[in-house]
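Coordinate analysis (summary)
Below, each chain spelled out in residue letters.
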Amino acid sequence: SNLLTALRTIVVLFFSWIMVFVVGSQGSIAEVSMKTLLFLCVSGITTGASWICYFHALQIGNVNVVVPIDKSSVVLTIFLGVIFLNESMNLVKFICVVAIAAGTYLMIEKKKVAEETEVKKGKGAIFYAFMSALFASLTALLSKIGIVGIESNLGTAIRTVIVLIMAWVVVFYTGSQKGIRKISKKSWLFIVLSGIATGLSWLCYYRALQIGEASKVVPIDKLSVVITLIMAFVFLHEQFTVKSLIGSVLITIGTLVMVL
């Protein structure tokens, strides 16, 4: 999982800097303040930490358990936005947050396993998914502060450099670089496609954070949990129960009501 994170980040970095030159914002690098650069770097570190935890959780656990927990960062992010960014909070918004939290809980499917090893893996996946959510929340908060006063594509590209450095430090620390030779052509294809998809998502996400409230942008972004679980059902043949369906409906309604 560490090697995967590092390889796909190369694709994200390449794609991000292409967009910087497309919009012509590379000339404004010298104008970036130290405060902005500091927050972008720290948000890059938390992003790398979130990715490492997330992909390790996916490696040892099920998508339908890991993704909902990871996306629960939306609840923490909303409260952090209210506390540190002075974003609004009212009764309707609070009810929506409760609905999102309840929906997330319902979407976490617990499977009965016979072997002790599988039980440990399941608990480990839940732990790393929660850590991923925590780091993701910190990323949103730090990025919201750091993205002010800089063109969003350039900000995304700068913080991706930090993520890349951190990812490869972890790879060499764990000795994962040896696994490059074992990667199949099919895996390379999906790594590249995943990197491009991540790059596109980041460019849109940080532009949205720059011009909107984090407590509104993040919930919309996290609606991807619903799409992810549907795709996991269709392509990975993972079960999508009535309970998880109700959870996805609660998340969707809570998000839409909050935004509108």
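For the structure itself, consult the block above.
Report on the accompanying structure. (Residues numbered from 1 in each chain as written. Predicted model: local features only at pLDDT ≥ 70, side-chain atom pairs only at ≥ 80, totals over all residues. Heavy atoms only, no water.)

1. Things to note about the layout of surface pockets
Empty pockets left among the atoms are what a rolling probe the size of a water molecule brings to light. Quantified by volume, the largest pocket comes out at close to 1,800 Å³. Along the wall of the largest pocket there are 45 residues; nearest its centre are Arg 8, Tyr 54, Phe 55, Ser 194 and Thr 198. Sorting the residues of the lining of the largest pocket by element identifies helix H1 (2-23), helix H2 (34-60), helix H3 (63-71), helix H4 (73-84), helix H6 (116-146), helix H8 (185-211), helix H9 (214-221) and helix H10 (224-235) as the ones contributing at least two each. Ranked by residue count, the leading element in the lining of the largest pocket is H8, at 10 residues. Looking at the lining of the largest pocket residue by residue, the class counts come to 26 nonpolar, 14 polar and five charged. (1 Å grid on protein atoms, 1.4 Å probe; cavity = no way out; pocket = protein on both sides within 12 Å on 5 of 7 lines; lining within 4 Å. Points joined across faces, edges and corners; volume = space filled by probe spheres on them. Helix = DSSP H or I, 4+ residues; strand = E, 2+ residues; numbered from the N terminus. Nonpolar A, V, L, I, M, F, W, Y, C, P; charged D, E, K, R; others polar.)

2. Details of H8
Between its terminal C-alpha atoms H8 stretches 40 Å, which fits the 39 Å expected from 27 residues at 1.5 Å a residue. Among the residues of H8, Ile 191, Gly 195, Thr 198, Gly 199, Trp 202, Leu 203, Tyr 205, Tyr 206, Leu 209 and Gln 210 are the ones counted as buried. (Expected span 1.5 Å × (residues − 1). Buried < 20%, exposed > 50% of the residue type's maximum accessible area, 1.4 Å probe, protein only.)

3. So, unusual backbone geometry
In terms of backbone geometry, most residues other than glycine have negative phi values and most peptide bonds are trans. Even without a glycine there, the phi angle at Asn 86 is positive, about 60°. Among the secondary structure elements, Asn 86 is positioned in the loop between H4 and helix H5 (91-106). The class for Asn 86 is exposed, based on a relative accessible area of 68%.

4. Details of the environment of Gly 146
Looking at the element boundaries, Gly 146 is found in helix H6. Considering only alpha carbons, one finds Gly 146 and Leu 58, 88 residues apart in sequence, at a separation of 29 Å. If we ignore the near neighbours within four places in the chain, the residues touching Gly 146 are Thr 36, Phe 39 and Leu 40. (Contact = heavy atoms within 4.5 Å.)

5. Details of H4
The end-to-end C-alpha distance of H4, which contains 12 residues, comes to 16 Å, matching closely the 16 Å that a straight helix rising 1.5 Å per residue would cover. Buried within H4 are the following residues: Ser 73, Val 74, Val 75, Thr 77, Ile 78, Leu 80 and Gly 81. Just past H4, the residue Asn 86 takes up positive phi, approximately 60°.

6. Examining the packing of aromatic side chains
This model, assessed by the stated rule, comprises seven aromatic pairs. Seen in terms of ring centroids, Trp 168 and Phe 172 are 5.9 Å apart; in terms of plane orientation they differ by 40°. Their pairing is tilted. One end of the pair is Trp 168 and the other is Phe 172, both in helix H7 (residues 152-174) and four residues apart, which spans about a single turn. By relative accessible area, which is 18% here, Trp 168 ends up buried. Given a relative accessible area of 53%, Phe 172 falls into the exposed group. (Phe/Tyr/Trp six-rings, centres within 6.5 Å; stacked < 30°, edge-to-face > 60°.)

7. Focus on the packing of H1 against H8
Two elements in contact, H1 and H8, have axes separated by 8 Å at closest approach and are oriented at 50°. The orientation of H1 with respect to H8, classified from their angle, is oblique. The chirality of how H1 crosses H8 is right-handed. Across the interface between the two elements, Leu 4, Leu 7, Arg 8, Val 11, Val 12, Phe 15 and Met 19 of H1 pack against Trp 188, Ile 191, Val 192, Ser 194, Gly 195, Ile 196, Thr 198, Gly 199, Leu 200, Trp 202 and Leu 203 of H8. (Axes fitted to C-alpha atoms, helices over the stretch in contact; angles between N-to-C directions. Parallel < 35°, antiparallel > 145°, perpendicular 65-115°, else oblique. Left-handed = near helix turned anticlockwise from the far one by under 90°.)

8. What about the nonpolar core?
Within the largest apolar cluster, 44 residues are counted, with the highest numbers of intra-cluster contacts made by Ile 150, Tyr 205 and Val 225. Among the nonpolar cores identified, the runner-up in size contains 10 residues, and Leu 164, Ala 167, Trp 168 and Ile 191 belong to it. (Core = buried A, V, L, I, M, F, W, Y, C linked by side-chain atoms within 4.5 Å.)

9. Details of empty space enclosed by the protein
For the coordinates displayed, the defined rule picks out one cavity of 30 Å³ or more. Forming the walls of the largest cavity are Lys 71, Val 74, Ile 100, Thr 104, Pro 219, Lys 222, Leu 223, Val 225, Ile 251 and Thr 255. At the level of secondary structure, the elements contributing two or more residues to the lining of the largest cavity comprise H5 and helix H11 (242-259). The residue makeup of the lining of the largest cavity, split by class, is six nonpolar, two polar and two charged.

10. Focus: the packing of H4 against H5
Following both chains from N to C, one finds H4 and H5 inclined at 155°, their axes separated by 9 Å at the closest point. Considering their axes alone, H4 and H5 lie roughly antiparallel with respect to each other. Classified by chirality, the crossing of H5 by H4 is left-handed. Residues Val 74, Val 75, Ile 78 and Phe 79 of H4 pack against Lys 93, Phe 94, Val 97, Ile 100 and Ala 101 of H5. Across the contact of H4 with H5, the residue classes tally to eight nonpolar, no polar and one charged.

11. Structural notes on the state of the cysteines
Tallied over the entire structure, the rule returns zero disulfides. Cys 41 takes part in no disulfide bond, and the closest cysteine sulfur, belonging to Cys 53, lies 20 Å away. Judged by relative accessible area, Cys 41 falls into the partly exposed class, the value being 23%. (Disulfide = S-S within 2.5 Å.)

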